[in-house]
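As a plain string of letters, each chain reads:
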Amino acid sequence: SAKKQICEELKRIWKLPEDQRRKAIKRMYLKWHPDKHPDPEMATKAFQYLQRQIDRLEAGRPLEEPEGEEEDTTPCAPSPRWSGWFNMWDSWAGRAHRARRRERHYRSSHGGYSGGSTFGGYSGGSTSRPTFKATPTPDPETGRVWMKQAEADMKALRIVLAKVDAEQEVCCHACFLAHEVAERALKAGKYAVCGLHSASLRHHDLVGHAGALEQERRHLTVGLQQLAQALQSPDYYLKTRFPNQYVPHAVPAEQFSPAQAREAATCAEKILDMMKRLVEES
């Protein structure tokens, strides 16, 4: 199963040196990212499981072994070996590429379409217009709504940032708000440029969102993944709020410095500016 594969790979990765481990973890995030997987619903569950397991390992706790799962021996199931999984991924990726190519061709020929279908093919019953469910479509209007909220969050971040030197306890709030600004801005950009799966909407992987946007608009997103990584690696989403993210438990309000808060705010503002340009062009 996917969970067993994730556990096996994490056991191997955690024996690597720090720099190699970070690169391997990034590859795993990209591998199970719902935007890059042909089965977003399954990938979302696997991605969330992966995040939980990494949190456990980083906290010094053992992996939570998957329970009650029998080995799937059907021909299309992933092999326990990673090489088998990659072979199946190649097949899925080819199907996804062909579906997107057919979609682009039909859109250019017929000026658009709507509706839903099964992955990698056409449907529509008695209608003559094919529909595609696997690939979301751009939605600039929704992108502008998300951007408006991201800009409001940036205003709140600036208010908190003005107090970090006098009241260090608010530094954690500044770092969390920086993560929120970046996440909403990235999702605004994705809505506007390429659309957003409902599965992707529910997760908080800044690097994954940034990577997808870099592929779509490389000339406007130079350095976007590095900025996202600067906010994601310290885990400003969880460690700024929950004492149980530390071993032993610690108060998040005592863990962050004014310098960290200012650096996080700078990264968030740069991401916001990039995404504003993307949304304005859509």
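Nothing here was measured: the structure is a model prediction, and the numbers come from that model.

The next point concerns the layout of surface pockets. By volume, the largest pocket is sized at about 1,000 Å³. Y29, I54, D55, E58 and D235 are the residues nearest the centre of the largest pocket, which is lined by 38 residues in total. Of all the secondary structure elements, the ones that give two or more residues to the lining of the largest pocket are α2 (18–32), α3 (40–58), α8 (206–216) and α9 (224–232). With 8 residues, the top contributor of residues to the lining of the largest pocket is α2.

What follows is about the environment of A210. Of note, A210 is situated in helix α8. Residues A210 and L186, spaced 24 residues apart in sequence, show a C-alpha to C-alpha distance of 6.7 Å.

With 15 residues, α2 should reach 21 Å at 1.5 Å per residue; the first-to-last C-alpha distance of 21 Å fits that figure. All buried positions along α2 are accounted for by R21, A24, I25, M28, Y29, K31 and W32. Buried residues along α2 cover an arc of 160° about the axis, so they all sit on one side. Every exposed residue of α2 that faces more than 90 degrees away from the buried side is listed here: R22, K23 and R27.

Side-chain pairs of opposite charge can arise whenever the charged atoms involved come near each other. All chains considered together, the criterion is met by 10 salt bridges. With its nearest N and O atoms 3.4 Å apart, the salt bridge here joins R21 to E18. Remark: E18 and R21 occur in helix α2; sequence separation between them is 3 residues, near one turn of the helix. One salt bridge in this structure joins K187 and E183, with 2.7 Å as the shortest N-O distance.

Attention now moves to the confidence of the model for the chain. Averaged over the chain, the pLDDT score is 79; the fraction of residues at 70 or greater is 76%. The low-confidence segment residues 68–91, where pLDDT is below 50, has 29 contacts with residues more than four positions distant or belonging to other chains. Note that residues 110–133 has pLDDT below 50 and, in this model, 45 contacts with residues that lie over four places away or in other chains.

To continue, consider the packing of aromatic side chains. Applying the stated criterion to the full structure yields 4 aromatic pairs. Ring centres 6.0 Å apart and planes at 40° place the aromatic pair W146 and Y191 in the tilted group. Taken together, the positions of W146 in helix α5 (residues 140–161) and Y191 in helix α6 (residues 171–193) put the pair 45 residues apart, joining distant regions of the chain. Owing to a relative accessible area of 13%, Y191 belongs among the buried residues under this scheme. Their ring planes at 40° and their centres at 6.3 Å tell us that F176 and Y237 sit as a pair that is tilted.

By size, the foremost hydrophobic cluster in this structure holds 45 residues, and its most contacted members are M147, L157, L186, L224, L231, I271 and M275. Those elements that provide at least two residues to this core are α5, α6, α8, α9 and α10 (258–281). With 13 residues, α6 is the single largest residue contributor to this core. When sequence neighbours within four positions are dropped, the list of residues in contact with I271 reads A182, A185, L186, L224, L227, A228 and L231.

Turning our attention to α5. Between the first and last C-alpha of α5 there are 31 Å, a value that for 22 residues agrees with the 32 Å anticipated at 1.5 Å per step. For α5, every residue scored as buried is listed here: G143, M147, A150, D153, M154, L157 and V160. With its buried residues spanning 125° around the axis, α5 presents them on a single face. Seen from the open side of α5, the exposed residues pointing more than 90 degrees away from its buried face are V145, K148, K155 and I159.

Checked against the element boundaries, E281 lands in helix α10. Owing to a relative accessible area of 57%, E281 belongs among the exposed residues under this scheme. Along the chain, E281 and V193 lie 88 residues apart, while their C-alpha atoms are 9.0 Å from each other.

Analysis parameters
Residues numbered from 1 in each chain as written. Predicted model: local features only at pLDDT ≥ 70, side-chain atom pairs only at ≥ 80, totals over all residues. Heavy atoms only, no water. 1 Å grid on protein atoms, 1.4 Å probe; cavity = no way out; pocket = protein on both sides within 12 Å on 5 of 7 lines; lining within 4 Å. Points joined across faces, edges and corners; volume = space filled by probe spheres on them. Helix = DSSP H or I, 4+ residues; strand = E, 2+ residues; numbered from the N terminus. Expected span 1.5 Å × (residues − 1). Buried < 20%, exposed > 50% of the residue type's maximum accessible area, 1.4 Å probe, protein only. Arc of directions from axis to C-beta. Salt bridge = Lys/Arg side-chain N within 4 Å of Asp/Glu carboxyl O. pLDDT = per-residue confidence, 0-100. Contact = heavy atoms within 4.5 Å. Phe/Tyr/Trp six-rings, centres within 6.5 Å; stacked < 30°, edge-to-face > 60°. Core = buried A, V, L, I, M, F, W, Y, C linked by side-chain atoms within 4.5 Å.

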